[in-house]
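Residue-level listing of the chains:
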Amino acid sequence: MRALIVDDSKTMRRIIRGVLDNIGATALEEAENGQDALSKVDAFKPDIILLDWNMPVMDGINFVRNYRGAGKSTPIIMVTTEAEKARVIEAIQAGVNNYAVKPFTPDSLSQIVMTTLQKAGVKA
Amino acid sequence: MSLDASHINAFLQATTAVFDTMLQVPVTFDKPTPITGQTKQDVSGVIGLSGNVSGSVILGFSKETAEGLVEAFAGPGMEFGSADFADAIGELTNMVVGGAKSKFEGLSVSIGCPTVVAAPGHSVVNPSQAARVKIPCHTDVGSFVIEVAFLPDRVEAQSESLKPTIQTGA
């Protein structure tokens, strides 16, 4: 499994990287915001994208709109503190496949990643 | 928007969840109290609130407590004042404030990106119009405070003069 981690926090990228390593990720790439992710995603060709919402330059929801607007279907998990129902609906309507609320345990995030990959037909 | 017990409870719940889940450090609280003066800190994580609520939230730590909590959250080897140290404090602040505002019933609130100050003896000064409450927090690693400041509805929070400012201890 190839995963792109998009978060402006280096600490959070490292924590998510640890979770993905433990479930057998074969290649990981990191981006600091939505714009950075857009510049890396085509070359990296991830199987899954884990995306923060609140980031400078380009936030997560605008990344999703740009990415889906370009016809890309790679599964996206929003990993965010934005837990309100309205935000979850907004993200799903924009094209997010799954949603993980911070704070999370390694087990809970692993489960969300595995479920999302399974639904997309991607082997972890 | 006035600051009431439901908002304070949201911060207590969010802080407990973040510290239990991401740091494995239990946290307890003293009774929240209104404050008027300035509190000196060594490390502050500051996040602005906008939308149905305007204001700011500050997580304030001593150097020793901040170092201990950063190690619990992000691992050892983070030098005080480094970019990685600030990043960890910023993300900790982001999760506490983001988790709390998600529990504000019936309100649509956005949070900004965190600002972190690591300078011994500094103060973060909120505008005088803000209603401010201090929540004392205690862990085995050390104590810290959460300061919640809500601006009255009539005040234009977007004004630069009404954002928190930093005063260094020097």
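For the structure itself, consult the block above.
What you see is a predicted model, and the numbers here were worked out from it, not measured in a lab.

A few words now on the interface of chain B and chain A. Across the contact, 18 residues belong to chain B and 14 residues belong to chain A. Breaking the side of chain B that touches chain A down by element, the ones donating at least two residues are helix 1 (5-23), helix 2 (63-74) and helix 3 (83-101) of chain B. Classifying every residue of the side of chain B that touches chain A gives nine nonpolar, six polar and three charged.

Residue and element names in this part refer to chain A. Packing of helix 1 (residues 10-22) against helix 5 (residues 106-120) brings their axes to within 10 Å, and their N-to-C directions diverge by 65°. Relative to helix 5, helix 1 is oriented so that their crossing is right-handed. Across from Val19, Leu20 and Asn22 in helix 1, the residues of helix 5 making contact are Pro106, Leu109, Ser110 and Val113. For the contact of helix 1 with helix 5, the class distribution of residues is five nonpolar, two polar and no charged.

Here we come to the sheet that holds strand 4 (residues 76-80) of chain A. All names here are of chain A. Within the open sheet, the five strands sit side by side as 2-1-3-4-5. Their pairing is parallel. Either end of the sheet is taken by a strand with one partner, and the two such strands are strand 2 (27-31) and strand 5 (98-101). The mean angle between the axes of side-by-side strands here comes to 20°, regardless of whether they run parallel or antiparallel. Relative to strand 3 (residues 48-51), strand 1 (residues 2-6) is paired through four bridges, and the arrangement is parallel. Of the residues in strand 3, the one forming a bridge with leucine 4 is isoleucine 49.

Between its first and last C-alpha, helix 3 of chain B extends 26 Å over 19 residues, near the 27 Å set by a 1.5 Å rise per residue. Counting buried positions along helix 3 of chain B gives 17 out of 19 residues, so the element sits mostly inside the fold.

A separate point is the packing of helix 1 of chain A against helix 3 of chain B. Close contact between helix 1 of chain A and helix 3 of chain B brings their axes to 7 Å; oriented N to C, the two are set at 80°. By the criterion of interaxial angle, the relationship of helix 1 of chain A to helix 3 of chain B is roughly perpendicular. On helix 3 of chain B, the residues that touch A:Lys10, A:Thr11 and A:Met12 of helix 1 of chain A are B:Asp84, B:Asp87, B:Ala88 and B:Glu91. Looking at the contact of helix 1 of chain A with helix 3 of chain B, its residues break down into two nonpolar, one polar and four charged.

Here is what the cut-offs are and how they apply
- Residues numbered from 1 in each chain as written.
- Chains lettered and ligands numbered in written order.
- Predicted model: local features only at pLDDT ≥ 70, side-chain atom pairs only at ≥ 80, totals over all residues.
- Contact = placed C-beta atoms within 7 Å.
- Helix = DSSP H or I, 4+ residues; strand = E, 2+ residues; numbered from the N terminus.
- Nonpolar A, V, L, I, M, F, W, Y, C, P; charged D, E, K, R; others polar.
- Axes fitted to C-alpha atoms, helices over the stretch in contact; angles between N-to-C directions.
- Left-handed = near helix turned anticlockwise from the far one by under 90°.
- Pairing = 2+ DSSP bridges.
- Expected span 1.5 Å × (residues − 1).
- Buried ≥ 20, exposed ≤ 12 C-beta atoms within 10 Å, placed from the backbone.
- Parallel < 35°, antiparallel > 145°, perpendicular 65-115°, else oblique.

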